[in-house]
Amino acid sequence: MAFRGRLRLAAVALALTALGGAALAAEPEKAAAGKPQTDKPQIDRPLGVVELFTSQGCSSCPPADEFFAELAGKDDIIALAYHVNYWDYLGWQDTLSTKENTERQYDYMRAFGSRSVYTPQAIINGRSHVNGASRKDVDGALARMDRNGQGMRVGIKVSRTSDRVMIDTGDAGGGPTDAHVVIVYFDPPQMVKIGQGENSGRSLTYWNAVSDIQTAGMWHGKAQRYEVPMSEIAKKGGCAVLLQSVGKDGMPGPILGAAFIHKPDRL
C-alpha cells in the first residue's frame, strides 16, 4: 500500500556521557559496583539491520509481520518494527504507531529520492528498501550487502554494571567517519486484537514495535565509549543502538554498526 505526503523531521536529543579511548578505564569507586557483564554473549557485528514499516490497518502487512517475528528471534539480525499512522483513516487506529515512526519513513523516502512511502516496507542497513513481506528480497539484500562490504563494518559491544550500560564503538577502518549514535526503544512482544478496518477480527502478535527514537551523540570514526543510565534502559521493553551516518540535509544514511542493548525474548 502506498501513501504520498511530507512530514517535518523531528529530532529528539538524549544527554549521554561520551568518553574517549583514554578514558575507558572505570573509576575505582565505580568499579566496586561490579564488573561489566552482558546478559548473553554479544555479536558485535550482526549480519544487518532490518527496519520494517508496517501498520495494523494495512491488509498487506500481516504476512510481513509474521516474517518479521522470525527475524526478531535471530541474534544476528537487529530487527525493528516502526508502526505508522497514515492508514488510520481506514477505520482502525494502530495502537503502536507514533508520529516519529512515520516521520522516519518519510525521511528515508527523501533520502532514497522516492516519491511515496508504502507498507510493508523493509529498509535494509539504511541503504535500500524492499517489500517487507518478501523473504527472498529481505534475505537477498542482507546477504548481498554483507558480501559487498555494505554490512555492519563497525563493531559495537554492550556491557553493563548495576547502574549503567556501556556502549563501546570500534574504529572506522575506512569509509565514512561521522555518524549518529541512535538509541531505538521498542516494546516487548504483544498480541493485539484488531476491532475494525481491513484486518478486523484478527489477533496479531507484534515484535519489537518501536516506541521512541533518540539521538544519543556523535561518533567520529574512532573507538569511543558512551554510558547510559541503567534506569533509562529499565523503563523500556527493549532497545538497540544504531551507528547511522546522516547526510548534510539531515536525512538518514547507511547504518555502519548496530547491537541490542536489551532484547526481550518472551510474550
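Please refer to the structure higher up on the page.
Because the structure is predicted, anything quoted here is derived from the model rather than measured.

A tally of regular secondary structure across the protein gives five helices and 16 strands. Here the protein holds 267 residues, and 48% of them are scored as buried. In the protein, 73% of the contacts between residues at least 6 apart in sequence involve partners at least 24 apart.

It is worth spelling out the sheet that holds strand 6 (residues 121-124) at this point. Pairing within the open sheet is mixed, and its four strands lie in the order 4-3-6-7. Every interior strand has two partners, whereas the edge strands, strand 4 (77-83) and strand 7 (128-131), have only one. Strand-to-strand, the axes of this sheet are offset by a mean angle of 25°, without reference to chain direction. Examined bridge by bridge, strand 6 and strand 7 share four bridges and lie antiparallel to one another. Each bridged residue has a counterpart across the sheet, and for I124 the counterpart in strand 7 is S128. Each of strand 3 (48-54), strand 4, strand 6 and strand 7 is contacted by helix 3 (residues 99-112), which is oriented at about 115° to strand 3, the strand it contacts most.

A few words now on the sheet that holds strand 13 (residues 210-219). Note: strands within a sheet are paired through backbone hydrogen bonds, in either parallel or antiparallel orientation. Reading across from one edge, 13-10-15-16 is the order of the four strands in this open sheet, with antiparallel pairing throughout. The two strands at the open ends of the sheet, each matched to only one other strand, are strand 13 and strand 16 (252-262). Neighbour to neighbour, the strand axes of the sheet diverge by 25° on average, direction disregarded.

What follows deals with unusual backbone geometry. The step from T119 to P120 runs through a cis peptide bond, and the omega angle for that step is -5°. Turning to its location among the elements, P120 is positioned in the loop between strand 5 (117-118) and strand 6. Positive phi, close to 55°, is recorded for N125, a residue that is not glycine. With respect to the helices and strands, the residue N125 is situated in the loop between strand 6 and strand 7. N125 gets classed as buried once you look at its relative accessible area, which sits at 0%.

It is worth spelling out the pairing of strand 6 at this point. The alternating pattern of strand 6 places Q121 and I123 and A122 and I124 on opposite faces, both of which are buried. The antiparallel hairpin formed by strand 6 and strand 7 contains three residues in its connecting segment, where N125 sits at a positive phi of about 55°.

Let's shift gears to the packing of aromatic side chains. Counted by the stated rule, this structure contains seven aromatic pairs. Seen in terms of ring centroids, F53 and Y108 are 6.2 Å apart; in terms of plane orientation they differ by 75°. Their pairing is edge-to-face. Of this pair, F53 sits in strand 3 while Y108 sits in helix 3, and the two are 55 residues apart along the sequence. Like Y108, F53 is buried. Site record: aromatic cluster; members linked through ring pairs are F53, Y82, Y108 and F112. Sitting above the plane of the Y185 ring, K236 keeps its charged end 5.0 Å from the centroid.

Look at helix 2 (residues 62-72) against helix 4 (residues 135-147): their axes get within 11 Å of each other, and the N-to-C directions meet at 35°. On helix 4, the residues touching F67, E70 and L71 of helix 2 are R135, V138 and D139.

All right, on to the environment of L47 then. Note on placement: L47 falls in the loop between helix 1 (28-31) and strand 3. The spatial distance from the C-alpha of L47 to the C-alpha of L142 is 7.0 Å, given a sequence separation of 95 residues. Those residues in contact with L47 that sit more than four places away from it in its chain are D76, I77, L142, D146 and M152.

As for its position among the elements, M230 is in helix 5 (residues 230-234). On a C-alpha basis, the gap between M230 and D163 in space is 5.0 Å, while along the polypeptide they are 67 residues apart. Leaving out residues up to four positions away in the same chain, M230 has contacts with R160, T161, S162, D163, R164 and V165.

The rules behind the values
Residues numbered from 1 in each chain as written. Predicted model: local features only at pLDDT ≥ 70, side-chain atom pairs only at ≥ 80, totals over all residues. Heavy atoms only, no water. Helix = DSSP H or I, 4+ residues; strand = E, 2+ residues; numbered from the N terminus. Buried < 20%, exposed > 50% of the residue type's maximum accessible area, 1.4 Å probe, protein only. Contact = heavy atoms within 4.5 Å. Pairing = 2+ DSSP bridges. Axes fitted to C-alpha atoms, helices over the stretch in contact; angles between N-to-C directions. Phe/Tyr/Trp six-rings, centres within 6.5 Å; stacked < 30°, edge-to-face > 60°. Lys NZ or Arg CZ within 6 Å of the ring centre and 35° of its normal.

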